[in-house]
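Each chain, written out:
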Amino acid sequence: MKKKKLASIFLSLALTAGVMAGCAGQKANNSSGGSGGGGGDTIKIGANLELSGGVASFGQSIAEGLELAFEEINKEGVNGKKLELVKVDNKSDAAEATNGAIKLVSQDKVVAIIGAATSTNTLAQVQVAQDNKVPLITPTGTNPTITNKDGKVNDFVFRTCFIDPFQGTVAAKFAINDLKVKNAAVLIDTSSDYSKGLSAAFKKAFEKEGGKIVAEEAYVAKDTDFRATLTRIKSANPEFIFLPGYYEEVGLIVKQARELGINAPIMGGDGWDSPKLVEIAGKDPLINSFITNHFSSNDPDQKIQDFVKAFKAKYNKSPDAFNALGYDTAYFLADAIKRAGSTDPEKIKDALAKTKDLSLVSGTLTLDENHDPVKSVTILEYKDGQQQFKTKVNP
């Protein structure tokens, strides 16, 4: 497996070099209305998403949101053209995400890429976007290094969601101020940039607020038996457990924790947000659990309820946060293309960076100097297997 992954990564790097050689030609096409992504009557937008694999629920939800938004946007069009969504499946794998970005840029000639859902799979595309000067927007990748690495802004990379430090800080303050806990355990997926980033932010904020971390344990994606780890956590007798992971492992962890008699509140981030979570964990184990998230379909805001109505009409189900952020990302990009008055990726990039006070379903979006949104966090509680809107925390 390791040899296959290394071979795939080396192939990706080789392909990237080839794509870079043809970059100038692609840019000319996009700018002049030739055969590039902005030529003719359509504007090609790439979507590099987890449509299969370990976190397929995330990618599929984003795709649903994108498709609904594209339908709505195309009723009027963008600068006289229709948006065309070109999807690739990164199979929930970083090397595949790199390959997908290369294909979208070199073969499909897209003017921008939306995706991926996870931080790791988004980070795998950043260099391709930067080298080829094509905007990359992640709807849900929350790791800070996606947009700013070592103090340097990735000028072609953007996001629609808030970042891990804010999400982790909100979770810590909620635990101390609302749940009134004084100590906590942290359980981290060490194979995930998302989990590591969120846990670091939580620990820093929790201790700053006067809390104490009494246990810190680790697991890796695809693990299925967490009982030994949870037994160690139980022996530390935490009042609260922070679990910033993805729904596949989280569902099993929550279920096994409750079976071991751990009744403390358990909280995570937006990585929990999948209908699959309830299927895996069960309704009862999720009682007394919470998440920080970008959106709630139960929020009474009229813009949100209009979106919920449209989404239900198309898909016959209530939207989750990944649906909402996919939907919002389409409008975020369409707004930038309109303001740019061009399908030139560099002009679209400049317009994206200047986005201010754009009203979206997940909140009013204004980008800071790092291309990160300044927006609200929604806190949800699980009751009878359903997410219930609890509160909204403003930045």
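Predicted model, so just to flag it, every value in this text is computed and none were measured.

About the criteria used
- The residue numbering used here restarts from 1 in each chain and proceeds along that chain's sequence as written.
- With pLDDT at 70 or above as the cut-off, local features in this predicted model cover only qualifying residues; side-chain atom pairs require 80 or more to be listed or tallied, and sums for whole chains, interfaces and linings still use all residues.
- Values reported for side chains reflect all heavy atoms of the structure, with hydrogen atoms and water molecules removed beforehand.
- A pairing counts as a salt bridge when a side-chain nitrogen of Lys or Arg comes within 4 Å of a carboxyl oxygen of Asp or Glu.
- Helix numbers and strand numbers start at the N terminus; a helix is a DSSP run of H or I with at least 4 residues, a strand a run of E with at least 2.
- Type-normalised accessible area, obtained with a 1.4 Å probe on protein chains alone, sets the label of each residue: buried when under 20%, exposed when over 50%, and partly exposed for intermediate values.
- In this scheme, strands are said to pair when DSSP sees at least two bridges between them.
- Only the stretch in contact is used when a helix axis is fitted, and all axes are lines through C-alpha atoms; the angle between N-to-C directions ranges over 0 to 180 degrees.
- Residue contacts are defined here by distance: any two heavy atoms, one from each residue, within 4.5 Å place the two residues in contact.
- Whether two aromatic rings pair depends on their centres lying within 6.5 Å, for rings of Phe, Tyr and Trp, where Trp uses its six-membered ring; planes under 30 degrees apart make the pair stacked, over 60 edge-to-face, and the rest tilted.
- Any Lys NZ or Arg CZ found within 6 Å of a ring centre and within 35 degrees of that ring's normal is scored as a charge over the ring.
- For every residue, the pLDDT score states the predictor's confidence, bounded by 0 at the bottom and 100 at the top.
- Helix span, expected: 1.5 Å multiplied by one less than the number of residues in the helix.
- Any N or O atom pair separated by 3.5 Å or less is treated as a polar contact, with the protein-specific requirement of one donor-capable and one acceptor-capable atom, and with residues adjacent in sequence counted only for side-chain atom pairs.
- Relative orientations are named as follows: roughly parallel for angles under 35 degrees, roughly antiparallel for angles over 145 degrees, roughly perpendicular for angles from 65 to 115 degrees, and oblique for any other angle.
- For any helix crossing, the convention is left-handed if the near helix is rotated counterclockwise from the far helix by under a right angle, and right-handed if that rotation is clockwise.
- Seen with the strands pointing away from the viewer, any crossover whose path from the first strand over the helix to the second strand runs clockwise is right-handed.

Asker: Can you tell me about the pattern of salt bridges, naming the residues and giving the values?
Answerer: Enumeration over the complete set of coordinates arrives at 14 salt bridges. A salt bridge links Arg159 to Asp372, with the shortest nitrogen-to-oxygen separation between them at 2.7 Å. Residue Arg159 is found in strand β7 (residues 157-159), and its partner Asp372 is found in the loop between β14 (363-365) and β15 (377-383); the two are separated by 213 residues along the sequence. With respect to burial, Arg159 and Asp372 carry one shared label: buried. The partner of Arg232 in a salt bridge is Glu217, and the shortest N-O contact between them spans 3.1 Å. Placement of Arg232 in helix α8 (residues 227-235) and of Glu217 in strand β9 (residues 212-219) is noted, with a sequence separation of 15 residues between them.

Asker: Can you lay out the sheet that holds strand β3 (residues 112-114) for me, pointing to particular residues and giving the numbers?
Answerer: Taken in spatial order, the 5 strands line up as β2-β1-β3-β4-β7 in an open sheet, and their pairing is parallel. One side of each edge strand has no neighbouring strand; the edge strands of this open sheet are β2 (82-89) and β7. Across this sheet, the average inter-strand angle for adjacent strands is 25°, counted without regard to direction. Bridge analysis of strand β1 (residues 42-49) against β2 gives 8 bridges, and the strand direction is parallel. Bridge pairing in β2 places Leu49 opposite Asp89. Contacting β1, β2 and β3, helix α4 (residues 94-106) crosses the sheet at an angle of about 170° to β1.

Asker: Residue-level account of the sheet that holds β9, with values.
Answerer: With mixed pairing, the 7 strands of this open sheet are ordered in space as β9-β8-β10-β11-β12-β15-β16. Sheet topology places β9 and β16 (386-393) at the edges, where each strand pairs with a single neighbour.

Asker: So what about the packing of aromatic side chains? Which residues, and what values?
Answerer: For the structure on display, the rule yields 16 aromatic pairs. Plain terms: the ring middles of Tyr194 and Tyr246 are 5.0 Å apart, the flat faces sit at 10° to each other, and that makes the pair stacked. With Tyr194 in helix α7 (residues 193-208) and Tyr246 in the loop between β10 (241-242) and α9 (247-259), this residue pair connects regions lying 52 residues apart in the sequence. On the accessibility criterion, Tyr246 (12% relative accessible area) is buried. Ring pairing ties together the aromatic residues Phe295, Phe307, Phe311, Tyr315, Tyr327 and Tyr331, which thus form one cluster. Directly above the aromatic system of Phe156 lies the positively charged group of Lys349, at a separation of 5.0 Å from the ring centroid.

Asker: Got a sec to walk through the confidence of the model for the protein chain? Specific residues and values, please.
Answerer: Per-residue confidence for the protein chain averages 91 on the pLDDT scale, and 90% of its residues sit at or above 70. Every residue in residues 1-35 scores below 50 in pLDDT, and together they form 46 contacts with partners more than four places removed in sequence or on other chains.

Asker: Break down α7 for me, citing the residues and quoting the values.
Answerer: Here α7 spans 23 Å end to end across 16 residues, near enough to the 22 Å set by a 1.5 Å rise per residue. Residues of α7 that are buried in the fold lie against α5 (119-132), α6 (164-178), β8 (183-189), β9 and β10. Where α7 starts, the residue carrying a side-chain oxygen 3.2 Å from the main-chain nitrogen of Tyr194 turns out to be Ser192. Two residues or fewer past α7, Gly210 is found with a positive phi of approximately 100°.

Asker: Mind laying out the packing of α4 against α5, listing which residues take part and the relevant values?
Answerer: Between α4 and α5, the shortest axis-to-axis distance is 8 Å and the interhelical angle comes to 30°. As judged from the angle between their axes, α4 and α5 are roughly parallel. Once α4 is placed against α5, the crossing between them reads as right-handed. Counting all contacts with α4, which are made through Ala94, Ala97, Thr98, Ala101, Ile102 and Val105, the residues of α5 involved are Thr120, Asn121, Ala124, Gln125, Val128 and Asn132.

Asker: So what about unusual backbone geometry? Which residues, and what values?
Answerer: In this chain, Gly115 is followed by Ala116 through a cis amide linkage whose omega measures 5°. Within the element layout of this structure, Ala116 appears in the loop between β3 and α5. In this structure, Asn79 takes a positive phi of about 55° despite not being glycine. For Asn79, the location among the structural elements is in the loop between α3 (56-73) and β2. Located in the positive-phi region is Asn316, a residue other than glycine, with phi close to 60°. In this structure, Asn316 sits in the loop between α11 (302-315) and α12 (321-340). By relative accessible area, which is 72% here, Asn316 ends up exposed.

Asker: Now, about the pairing of β8: what can you tell me, with residues and values included?
Answerer: Across a regular strand the side chains alternate sides, sitting on one face of the sheet and then on the other. Burial runs high along β8: 7 of the 7 residues are buried. Alternating residues of β8 divide into Asn183, Ala185, Leu187 and Asp189 and Ala184, Val186 and Ile188, and every residue in both groups is buried. In the sheet, β8 pairs with β9 via 7 bridges, with the strands oriented parallel. Each residue of the ladder has a partner; that of Ile188, found in β9, is Ala218. Crossover connection from β8 via α7 to parallel β9: handedness right-handed. Note: β8 against β10, 2 bridges, orientation parallel. Directly across from Ala185, in β10, lies its bridge partner Ile241.

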